[in-house]
Amino acid sequence: MTWQYLWENCIDLAPGIAEIAIRLSCAMLVGLIIGVEREYTHRPAGMRTHILVALGACVVSMVGDMIFIHYRELGAVPDPARLSAQVITGVGFLGAGTIMKEGATVKGLTTAASLWAVACLGVASGFGYYTVTLLGMAFIMITLTLFEALQRRLIRTGNSHATFTLETRDISLSLKNIQSIAQEQNVTLADIEAEQTTVGYRLTFRVLFSGRRNRKHHQRFFDALAEQEEMQSLMWKDKQPVS
């Protein structure tokens, strides 16, 4: 098959109804599988969102392909990838809506990346590259599932959170001491809440610890707080970050 033949018969290369249905079904499949995994882990964008992103990217790719095929014989030189490029850019704004910042923690980055990846798979399916689409889906699922266990193992020696609750007679002095201890131990404070009680004040706040041996860091921070004379009671609880 020569380029001259393709040029003269390009109108016949347009996908038929059956081919269009196959491409859409392939895009729906990858969006469904990846979306179910995100739904199962209770992420902001779930099954339907991923399916719609994949289908939309697939449709745009087929439209770009058809525009190239139909208008090429009229002497125009359209770029079949131009519309698809806009999908890859535009889905970034959709992914940004899944990213949330809670104190020192940023959540939703993995879901935003999965939306972008699903859009890329939808583009591949729309152009008829089924092998790329299905293999890409397989590798994405490996990343989201098998590598999650590895990530959790790494988190144990990486960053973690702890929530501290204390009761104090002097809230101003306690806040000053807490900030001083945080600076000395190079930790980050977040979500500080104060509540007046019958005998004083109750403070609740989160602390972000980084580096290895976080449990020892938690205990050292706890011991430093416990040494403050104005403290009446002190409790803390570990929390692991979610990505």
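Basis of the calculations
- Residues numbered from 1 in each chain as written.
- Predicted model: local features only at pLDDT ≥ 70, side-chain atom pairs only at ≥ 80, totals over all residues.
- Heavy atoms only, no water.
- Salt bridge = Lys/Arg side-chain N within 4 Å of Asp/Glu carboxyl O.
- Helix = DSSP H or I, 4+ residues; strand = E, 2+ residues; numbered from the N terminus.
- Buried < 20%, exposed > 50% of the residue type's maximum accessible area, 1.4 Å probe, protein only.
- Disulfide = S-S within 2.5 Å.
- Polar contact = N/O pair within 3.5 Å; in protein donor to acceptor, adjacent residues only side chain to side chain.
- Contact = heavy atoms within 4.5 Å.
- Axes fitted to C-alpha atoms, helices over the stretch in contact; angles between N-to-C directions.
- Parallel < 35°, antiparallel > 145°, perpendicular 65-115°, else oblique.
- Left-handed = near helix turned anticlockwise from the far one by under 90°.
- Nonpolar A, V, L, I, M, F, W, Y, C, P; charged D, E, K, R; others polar.
- Core = buried A, V, L, I, M, F, W, Y, C linked by side-chain atoms within 4.5 Å.

K.L.:
Help me understand the pattern of salt bridges, please; the structure alone is not making it clear to me.
P.N.:
Working definition: two side chains of opposite charge can pair if their charged atoms are close together. On inspection of all chains with the given rule, the structure shows five salt bridges. Among the ionic pairs, Glu167 bridges to Arg202, the shortest N-O distance being 3.1 Å. Within this pair, whereas Glu167 is found in strand β3 (residues 160-168), its partner Arg202 is found in strand β5 (residues 201-209), the two being separated by 35 residues in sequence. On the basis of relative accessibility, which here comes to 21%, the residue Glu167 falls in the partly exposed class. A relative accessible area of 27% places Arg202 in the partly exposed class. Residues Glu195 and Arg202 are paired through a salt bridge, measuring 3.4 Å at the closest nitrogen-oxygen approach. You can call Glu195 partly exposed: its relative accessible area is 46%. Connected through salt bridges with shared partners, the residues Glu19, Arg23 and Asp65 form a single ionic network.

K.L.:
Would you mind going over the state of the cysteines with me for this structure?
P.N.:
Covalent bonding between the sulfur atoms of two cysteines defines a disulfide. If you walk through the whole model with that rule in mind, you get zero disulfides. Between Cys58, a free cysteine, and Cys26, which holds the nearest cysteine sulfur, the sulfur-to-sulfur gap is 7.9 Å.

K.L.:
What exactly am I supposed to notice about the side chain of Ser174 here?
P.N.:
Residue position: Ser174 is located in helix α7 (residues 171-185). By relative accessible area, Ser174 is classed as buried at 0%. At 2.6 Å, the side chain of Ser174 forms a polar contact with the side chain of Thr168. With residues up to four places along the chain from it excluded, the contact list for Ser174 reads Thr168, Leu203, Glu230 and Met231.

K.L.:
Even after reading the chapter, I still don't get the packing of helix α2 (residues 17-40) against helix α5 (residues 109-126), so can you show me in this structure?
P.N.:
To characterise two packed helices, one gives the angle between the axes of the helices and the distance between these axes. Contact geometry for α2 and α5: axes closest at 8 Å, N-to-C directions at 165 degrees. As summarised for this structure, α2 and α5 are arranged roughly antiparallel, according to the angle between their axes. In this structure, the crossing between α2 and α5 has a hand that is right-handed. Within the contact between the two elements, α2 uses Arg23, Cys26, Ala27, Val30, Gly31, Ile34 and Arg38 and α5 uses Thr110, Thr111, Ser114, Val118, Leu121, Gly122, Ser125 and Gly126. Of the residues in the contact of α2 with α5, the class split is six nonpolar, seven polar and two charged.

K.L.:
Could you clarify how one ought to interpret the nonpolar core in this entry?
P.N.:
One recurring pattern in soluble globular proteins: nonpolar side chains tend to sit buried together. Counting 23 residues, the largest nonpolar core has Ile34, Val53, Ala119, Leu121 and Ile140 as its most contacted members. Looking at this core, the element that brings in the most residues is helix α3 (residues 47-72), giving seven residues. Leu121 has contacts with Val30, Ile34, Val132, Thr133, Gly136, Met137 and Ile140, leaving out every residue within four places of it along the chain. Of all hydrophobic cores here, the second largest spans 18 residues; its members include Ile178, Ile181, Ala182 and Leu234.

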